[in-house]
Amino acid sequence: MGTLIDDAASVEFHAFFERHYAELSRLAALLTGEPDAADDLAADALLALWHRWDRVRAADHPVAYARGVVANLARTRIRSAVRERRRVALFWSQREERVENPDVAGVVDVREALRRLPFRKRACVVLRHAFDLSEKDTALALGVSVGTVKSQTSKGMAELQRLLGTAEVPRRMHATVGRPGKPAGEDTGRDG
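Reading the values: the criteria
Residues numbered from 1 in each chain as written. Predicted model: local features only at pLDDT ≥ 70, side-chain atom pairs only at ≥ 80, totals over all residues. Heavy atoms only, no water. UniProt positions renumbered as here; feature names shortened; annotations may be inferred. Helix = DSSP H or I, 4+ residues; strand = E, 2+ residues; numbered from the N terminus. Buried < 20%, exposed > 50% of the residue type's maximum accessible area, 1.4 Å probe, protein only. Polar contact = N/O pair within 3.5 Å; in protein donor to acceptor, adjacent residues only side chain to side chain. Patch = residues over 30% accessible without salt bridge, like charges linked within 9 Å, V, L, I, M, F, W, Y side chains within 5 Å. Areas by Shrake-Rupley, 256 points an atom, 1.4 Å probe, with all protein chains shown as cover. Salt bridge = Lys/Arg side-chain N within 4 Å of Asp/Glu carboxyl O. Lys, Arg positive; Asp, Glu negative; His and termini not counted. Charge placed at Lys NZ, Arg CZ, Asp CG, Glu CD.

Going by an unreviewed UniProt entry, the protein carries the name RNA polymerase sigma-70 factor, sigma-E family and comes from Streptomyces prasinopilosus. Check the Sequence similarities (unreviewed entry) section of the UniProt entry for the protein; it says "Belongs to the sigma-70 factor family. ECF subfamily."

K.L.:
Any chance you could explain the environment of arginine 57 here in plain terms?
P.N.:
Positionally, arginine 57 belongs in helix α3 (residues 53-58). Accessibility expressed as a relative area gives 33% for arginine 57, which makes it partly exposed. Residues arginine 57 and phenylalanine 16, spaced 41 residues apart in sequence, show a C-alpha to C-alpha distance of 9.6 Å. In this structure the side chain of arginine 57 is engaged in a polar contact, spanning 3.1 Å, whose partner is the side chain of glutamate 12.

K.L.:
I tried to follow a negative patch on the surface on my own but got confused; where do I start?
P.N.:
Judged by side-chain charge, Asp36, Asp39, Asp40 and Asp44 come together as a negatively charged surface patch. Note that aspartate 40 resides in helix α2 (residues 35-51).

K.L.:
Looking at this structure, I do not really get the pattern of salt bridges. What am I missing?
P.N.:
Any two side chains of opposite charge can pair, on the condition that their charged atoms come close. Counting across every chain of the model gives 4 salt bridges. For the salt bridge of glutamate 23 with arginine 67, the shortest nitrogen-to-oxygen distance reads 2.4 Å. Placement of the pair is glutamate 23 in helix α1 (residues 2-32) and arginine 67 in helix α4 (residues 62-94), with a sequence separation of 44 residues. Assessed through its relative accessible area of 21%, glutamate 23 is described here as partly exposed. Between lysine 121 and glutamate 159 there is a salt bridge whose closest N-O contact spans 3.1 Å. Of this pair, lysine 121 sits in helix α6 (residues 119-130) while glutamate 159 sits in helix α8 (residues 146-164), and the two are 38 residues apart along the sequence. Judged on exposure class, the residue lysine 121 and its partner glutamate 159 are both buried.

Pasting the structure below:
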């Protein structure tokens, strides 16, 4: 008899899922501004609802309860992203780099061009080319898909080419931004 109750709850949850998943995903996309992450957020919310299904189904407004879970998860995601951006900005602003015989003008040009890129493009370019991370590792670090890393890196490199006025941006950016022990500015296209 316990199986009938479990089966009934499962059927009821499945119907709820089918009816409201798309709506919860749209809500997540609008709250976070991240359509790519919205499906995952909605799925996480529905998983949390399943774990509390006995309380949810007894609630006066189960859909409102579900929307509240999505809103809380979205808020957590946004706060986490803001904290991460602050940590990255703090890391880059406090980091001292010492290089023998740096090409200061080249380093300044590349850093200024990097600062002008939107955050996601900049992060993809830096992680892929300055830190030599794979596309998969970059995607994991940024919480995005590998496809997003590929497109954002490609677009970021194209934008750097345009900003720097060069035919080719160095593929190994650490040589240009002056990593310790590496000659800086060899591929910047500047004389002297």
